[in-house]
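Below, each chain spelled out in residue letters.
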Amino acid sequence: MEGITNQNGMEPVLRFIDVSVSYTPGVYAVKNVSTAIYPNTITAVMGPSGCGKSTLLRAINRMHDLYANIKTTGQIILKGKDVLKTDPMEVRRMAGMVFQQPNPFPTMSIYDNVLAGYKLNGIKLNKEEKDEIVEDSLRNVALWNEVKDAMNKRGSFLSGGQQQRLCIARALALKPEVLLMDEPTSALDPISTNRIEELLLELRKQYSMLIVTHNMSQAARISDNSMFMYLGELVEHNNTKQMFTKPRNRRTEEYLTGVFG
Amino acid sequence: MKRSGIASIKARKGKDRLVYWFVCLFSFLAMIPLFVILYNVISKGYKNFNLNLFTKGTPSSMDALMAKMNGEPIPGGILNGITGSLLIVGMAILFSVPIGLSVGVYLSENRKHKFARIISFLADLLQGMPSIVIGIIAYAWVVKPLGGYSALAGSIALTIMMLPMIIRSTEETLKMLPQSYKEAGLALGSSYTNVVFKILIPSGFGGIFTGILLAISRVLGETAPLMLTALGASVVNWNIMEPSSAIPLLIWDFYNDPNLVEMVWSSSLLLLIVIFLLNGIAKIVARKWKV
Ligand SMILES: Nc1ncnc2c1ncn2[C@@H]1O[C@H](COP(=O)(O)OP(=O)(O)OP(=O)(O)O)[C@@H](O)[C@H]1O
Ligand SMILES: [Mg+2]
């Protein structure tokens, strides 16, 4: 994995050590994944449908805990903490997640949606702190100017692209260590997609991001590193340029050239 | 070939029209009883629908007879029934809403558990239970042990009737919400309880609230279970351990008293108005609170 881009030569924010996930005993949706994610990088997670991308992503913030049948083994180290041995609520505050379908909370205003993480965690803030967090987070996702006069409107009044940016703002408001995104633009039109991509490049200054995508040109446009998964295994993890020009693995090459997937 | 095709389309259109008119006709027929009820209740009830109805307790049969002979209006109202209904139904709301909500949440969140399926089945059984049977059960399990009829016993009977409706509406409403609201909440580090109370229930508020209102309007008119539990009282009572009147109980009493029988209609009119209002509010809330 020596080709992985590490912007500042820093310690990894996230490290996978022999991570496996199974939905049914003995059947692994993710199999022995070991690798590292460095600060201030965007990592694209690619691979054919069903190869385990979402499963790997959801292992990081312990979403698998919601379903009793799912077993996760190995170690996931997030900022020095073993995720699987840490309180899931603490882990989830450190790892923000953005879903495929924009899902602002329908009964909350735009303002409250941004602050949802604080509300749900019972963290009390005074008015100035709230205003500051909301403005910062919305500026971060380039939504501030569009919604600053409609703070009390419901989040669901926004367009799909705006809703997704609101969801990113909601995740960022908690100042997570990493941002996990599972096909965040696949439900959006090209213009909204474009804006989100620009936004992610901007956010890279402050955050590390993992983004699952089926869109290879998107991966090429925005990611520093790319992971290619196949049948639950991490086949290749390299800096994106190298992976797209000189893939090491035959399967990666076949996938990237459209032979399958 | 072509001609017969056209002919069959014509025939089908004719049939469609026939069916349409039949549907209209039957819909109209089905509405006739409603109009008859409304006409009767309003035309006979408005006479005594006055301030007395809301400010005075039930008159004695004798007083009513005297007034009638003097050509005066009935000297009383149904204040004891109104307060009784408020007390009994109010308590039933206090009992049934928290329990019904909790069970509804439990059922929607644990769809596959065996225990949840059993509860769900029991709720269905309860929903089909005749109200008189529920009254008898409340009599045996509450009235007898407490040593007497009481508003409390009445409210427990009504609670049992409201529960399955609240459970079902809560469960169905929550099941309709996308799983991603819950996941998004948890992904922000929220506790499960907070997700339920700050996201799921508010998001399903319209449906849940509508279910509660409909359950209330359903038990407001219940008579049989109250006869066996709250019994009735001729004076205003706010003590939950004492027998208490209720509007439907008074309607039954009035019906059995030739001197008071006129008051059947004004009391029914009040009950109908309240129930229509509740249904109306339920409709509006269900429409407005769409997420
Ligand atoms: N809830 C589940 N129960 C059982 N098996 C599941 C479940 N979710 C996913 N799987 C299986 O786990 C494997 C990986 O699924 P996963 O959703 O992680 O794939 P993916 O790479 O995200 O695919 P896609 O690109 O279609 O989103 C698949 O074989 C899938 O059938
Ligand atoms: Mg997926």
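As shown above, the structure is provided for reference.
What you see is a predicted model, and the numbers here were worked out from it, not measured in a lab.

About the cut-offs
- Residues numbered from 1 in each chain as written.
- Chains lettered and ligands numbered in written order.
- Predicted model: local features only at pLDDT ≥ 70, side-chain atom pairs only at ≥ 80, totals over all residues.
- Heavy atoms only, no water.
- Near = heavy atom within 4 Å.
- Polar contact = N/O pair within 3.5 Å; in protein donor to acceptor, adjacent residues only side chain to side chain.
- Areas by Shrake-Rupley, 256 points an atom, 1.4 Å probe, with all protein chains shown as cover.
- Helix = DSSP H or I, 4+ residues; strand = E, 2+ residues; numbered from the N terminus.
- Axes fitted to C-alpha atoms, helices over the stretch in contact; angles between N-to-C directions.
- Parallel < 35°, antiparallel > 145°, perpendicular 65-115°, else oblique.
- Left-handed = near helix turned anticlockwise from the far one by under 90°.
- Contact = heavy atoms within 4.5 Å.
- Nonpolar A, V, L, I, M, F, W, Y, C, P; charged D, E, K, R; others polar.
- Buried < 20%, exposed > 50% of the residue type's maximum accessible area, 1.4 Å probe, protein only.
- Expected span 1.5 Å × (residues − 1).
- Bend = angle between axes of the 7 residues up to and from the residue.
- Phe/Tyr/Trp six-rings, centres within 6.5 Å; stacked < 30°, edge-to-face > 60°.
- Lys NZ or Arg CZ within 6 Å of the ring centre and 35° of its normal.
- Buried area = accessible area lost by both parts, 1.4 Å probe.
- Salt bridge = Lys/Arg side-chain N within 4 Å of Asp/Glu carboxyl O.

(A) Representation of the site of ligand 1. Residue and element names in this part refer to chain A. Residues in contact with ligand 1, as listed here, are Tyr-23, Ala-29, Ser-49, Gly-50, Cys-51, Gly-52, Lys-53, Ser-54, Thr-55, Glu-183 and His-214. Here a nitrogen atom of ligand 1 sits 3.4 Å away from a polar atom, N or O, in the side chain of Tyr-23. Computed on the free molecule, ligand 1 has an accessible area of 630 Å², of which 56% lies beneath the protein chains in the complex. The biggest single contributor to the shell around ligand 1 is helix H1 (residues 53-60), with three residues.

(B) Examining the packing of helix H7 (residues 151-176) of chain B against helix H10 (residues 205-220) of chain B more closely. Residues and elements named next belong to chain B. Close contact between H7 and H10 brings their axes to 8 Å; oriented N to C, the two are set at 160°. Considering the angle they form, H7 stands roughly antiparallel to H10. When you trace H7 past H10, the crossing you get is right-handed. Along its contact with H7, which presents Leu-158, Met-161, Met-162, Met-165, Ile-166, Ser-169, Thr-170, Thr-173 and Leu-174, the element H10 presents Gly-207, Ile-208, Gly-211, Ile-212, Ala-215, Ile-216, Arg-218 and Val-219.

(C) Structural view of the side chain of Ser-150 of chain B. All names here are of chain B. For Ser-150, the position within the fold is in the loop between helix H6 (131-146) and H7. Polar contacts involving the side chain of Ser-150 include one to the main-chain amide nitrogen of Ala-153, which spans 3.1 Å. Discounting residues that sit within four places of it in the chain, Ser-150 has contacts with Thr-229, Ala-230, Ile-240, Met-241, Glu-242 and Pro-243.

(D) The packing of helix H7 (residues 160-172) of chain A against helix H8 (residues 190-203) of chain A, seen in detail. Residues and elements named next belong to chain A. For the pair H7 and H8, the least separation of the axes is 9 Å and the interaxial angle reads 20°. Viewed along their axes, H7 and H8 adopt a mutual orientation that is roughly parallel. Considering the relative orientation of H7 and H8, their crossing is right-handed. Two secondary-structure elements touch here, H7 through Gly-161, Gln-164, Arg-165, Ile-168 and Leu-172 and H8 through Ser-192, Arg-195, Ile-196, Leu-199 and Leu-203. A class-by-class count of the residues in the contact of H7 with H8 yields five nonpolar, three polar and two charged.

(E) Unusual backbone geometry, seen in detail. Residues and elements named next belong to chain A. The residue Asp-18 is not glycine, and still its phi comes out positive at about 55°. Within the secondary structure, Asp-18 is located in strand S1 (residues 14-24). Its relative accessible area of 39% is what places Asp-18 among the partly exposed residues. A positive phi angle, close to 55°, is found at Ala-142, a residue other than glycine. Mapped onto the elements of the fold, Ala-142 is located in the loop between helix H5 (127-140) and helix H6 (144-147).

(F) A look at H6 of chain B. Residues and elements named next belong to chain B. End to end, H6 covers 21 Å across 16 residues, agreeing with the expected 22 Å (1.5 Å per residue, within 8%). Remark: the principal bend of H6, roughly 40°, maps to Tyr-139. Within the span of H6, buried status applies to Ser-131, Ile-134, Gly-135, Ala-138, Val-142 and Val-143. Summarising the contacts, the buried residues of H6 are in contact with H7 and helix H11 (224-227). One or two steps after H6, the chain reaches Gly-147, where phi turns positive at roughly 80°.

(G) Up close: the packing of aromatic side chains. Summed over the entire model, instances satisfying the criterion amount to nine aromatic pairs over all chains. The interplanar angle of 20° and the centroid separation of 5.8 Å between the aromatic rings of Trp-252 of chain B and Tyr-255 of chain B together place this pair among those described as stacked. Pair noted here: Trp-252 of chain B and Tyr-255 of chain B are both in helix H12 (residues 247-255), with a separation of three residues, about one helical turn. According to the relative accessible area criterion, Trp-252 of chain B is partly exposed, its value standing at 42%. The exposed category is assigned to Tyr-255 of chain B, whose relative accessible area is 53%. Through pairs of rings, three or more aromatic residues link up here, namely Phe-205, Phe-209 and Trp-289 of chain B. One residue, Arg-154 of chain A, lies across the ring of Trp-289 of chain B, its end atom 5.9 Å from the ring centre.

(H) The interface of chain B and chain A, seen in detail. Counting from both sides, the interface comprises 20 residues of chain B and, opposite them, 26 residues of chain A. A combined buried area of about 1,900 Å² lies between chain B and chain A, and 64% of that area is made up of carbon and sulfur atoms. When the buried surface of chain B facing chain A is broken down by residue, Glu-183, Ala-187 and Leu-188 of chain B rank first, second and third, together holding 34% of it. Across the chain B-chain A interface, the total number found is one salt bridge. The shortest N-O distance in the salt bridge between Arg-58 of chain A and Glu-183 of chain B comes to 2.8 Å. Summed over the shared surface of chain B and chain A, the number is seven residue pairs in polar contact (both at pLDDT 80 or more). The residue inventory of the side of chain B that touches chain A, partitioned by class, reads nine nonpolar, eight polar and three charged.

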